[in-house]
Amino acid sequence: MRTLYLESLRMLLNTIVCLLIFGAGLELNSSYLQIIAVVMFAGHLIASIERRTTWNATKKKGDYREKFPKK
């Protein structure tokens, strides 16, 4: 449960930062800042999915050890 809270907080903070950078790009008429904000947000989404997949695979490791013990 703690992981869910930390991941939600991380997602919220990253979203706020990306929105601020995107807003600065709009204010300054800088398409580069807008692109950077979108790439940062997409990268964070990919990383959070990867972390979740890794965590789920690690949790199942104990089950595999019980089902397939070393000989």
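Scope of this entry: the structure provided in the associated data block. (Residues numbered from 1 in each chain as written. Predicted model: local features only at pLDDT ≥ 70, side-chain atom pairs only at ≥ 80, totals over all residues. Heavy atoms only, no water.)

Overview of the pattern of salt bridges
Overall, the coordinates contain 1 salt bridge when judged by the stated rule. Notably, a salt bridge pairs R10 with E7, separated by 3.1 Å at the nearest N-O pair. On the criterion of helical spacing, the pair formed by R10 and E7 is a turn pair, its members being 3 residues apart in helix 1 (residues 2-27). The partly exposed category is assigned to R10, whose relative accessible area is 40%. Owing to a relative accessible area of 17%, E7 belongs among the buried residues under this scheme. (Salt bridge = Lys/Arg side-chain N within 4 Å of Asp/Glu carboxyl O. Helix = DSSP H or I, 4+ residues; strand = E, 2+ residues; numbered from the N terminus. Buried < 20%, exposed > 50% of the residue type's maximum accessible area, 1.4 Å probe, protein only.)

A few points about the environment of L20
Looking at the element boundaries, L20 is found in helix 1. We classify L20 as exposed; its relative accessible area is 60%. Considering only alpha carbons, one finds L20 and Q34, 14 residues apart in sequence, at a separation of 9.8 Å.

Let's talk about a nonpolar patch on the surface
Taken together, L9, L12, L13, I16 and L20 make up a surface patch of nonpolar side chains, about 490 Å² in accessible area. As for its placement among the helices and strands, L12 is situated in helix 1. (Patch = residues over 30% accessible without salt bridge, like charges linked within 9 Å, V, L, I, M, F, W, Y side chains within 5 Å. Areas by Shrake-Rupley, 256 points an atom, 1.4 Å probe, with all protein chains shown as cover.)

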